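# Report on the structure
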Amino acid sequence: MMNYRINIDGEIFDCPKGQTVLIAMNRNGGTCLPVGCCSGGCGICKVIVLEGKYQTKVMSRAKVSLEDEKKGVALACRILPESDLTLCRTET
């Protein structure tokens with residue numbers, strides 16, 4: 001199975017194709033992001049994608065506006081990598 005390398009503020013882990021960044025982080029023992037509802041509603045895992053290709057599942061517009069999404073803001077629980085990614089945390 002294909003794995004992508006995820007870097008969130010210097011914490012690096014692998015994310016299998018088809019798995020969200022937050023679930024992969026959690027399964028790898030990562031602690032760089034808080035884990036909340038894991039369904040795109042709470043917004044505590046908000047990040048900015050600095051580099052890489054990805055798709056997102058549905059996210060709460062109350063947490064990530066369309067304008068923010070166009071700037072690379074997303075919820076880690078809804079990001080499906082399509083390449084290696086470099087992310088940074090953002091304030092919720």
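Residues numbered from 1 in each chain as written. Predicted model: local features only at pLDDT ≥ 70, side-chain atom pairs only at ≥ 80, totals over all residues. Heavy atoms only, no water.

This part is about unusual backbone geometry. Look at D9: it is not a glycine, yet its phi comes out positive at around 50 degrees. Summarising the element assignment, D9 is placed in the loop between β1 (3-8) and β2 (11-16). We note that C38 has phi near 60 degrees; this positive angle belongs to a residue other than glycine. Summarising the element assignment, C38 is placed in the loop between α1 (21-27) and β3 (46-51). Given a relative accessible area of 28%, C38 falls into the partly exposed group. (Helix = DSSP H or I, 4+ residues; strand = E, 2+ residues; numbered from the N terminus. Buried < 20%, exposed > 50% of the residue type's maximum accessible area, 1.4 Å probe, protein only.)

Time to look at the sheet that holds strand β5 (residues 73-75). Read from one edge of the open sheet, five strands run β2-β1-β7-β3-β5, paired in mixed fashion. Strands at the two margins of the open sheet, each flanked by one partner only, are β2 and β5. Looking at each pair of strands side by side, their axes are set apart by 40 degrees on average, direction ignored. (Pairing = 2+ DSSP bridges. Axes fitted to C-alpha atoms, helices over the stretch in contact; angles between N-to-C directions.)

Turning our eyes to something else, we now look at the pattern of salt bridges. Taken as a whole and assessed by the stated rule, the structure comprises three salt bridges. Salt-bridge contacts for R89 lead to D9; the nearest nitrogen and oxygen are separated by 2.7 Å. With R89 in strand β7 (residues 85-89) and D9 in the loop between β1 and β2, this residue pair connects regions lying 80 residues apart in the sequence. Accessibility expressed as a relative area gives 46% for R89, which makes it partly exposed. In this structure, the salt-bridge partner of E69 is R61, at a minimum N-O distance of 2.7 Å. Take E69: its relative accessible area is 23%, and that puts it in the partly exposed class. (Salt bridge = Lys/Arg side-chain N within 4 Å of Asp/Glu carboxyl O.)

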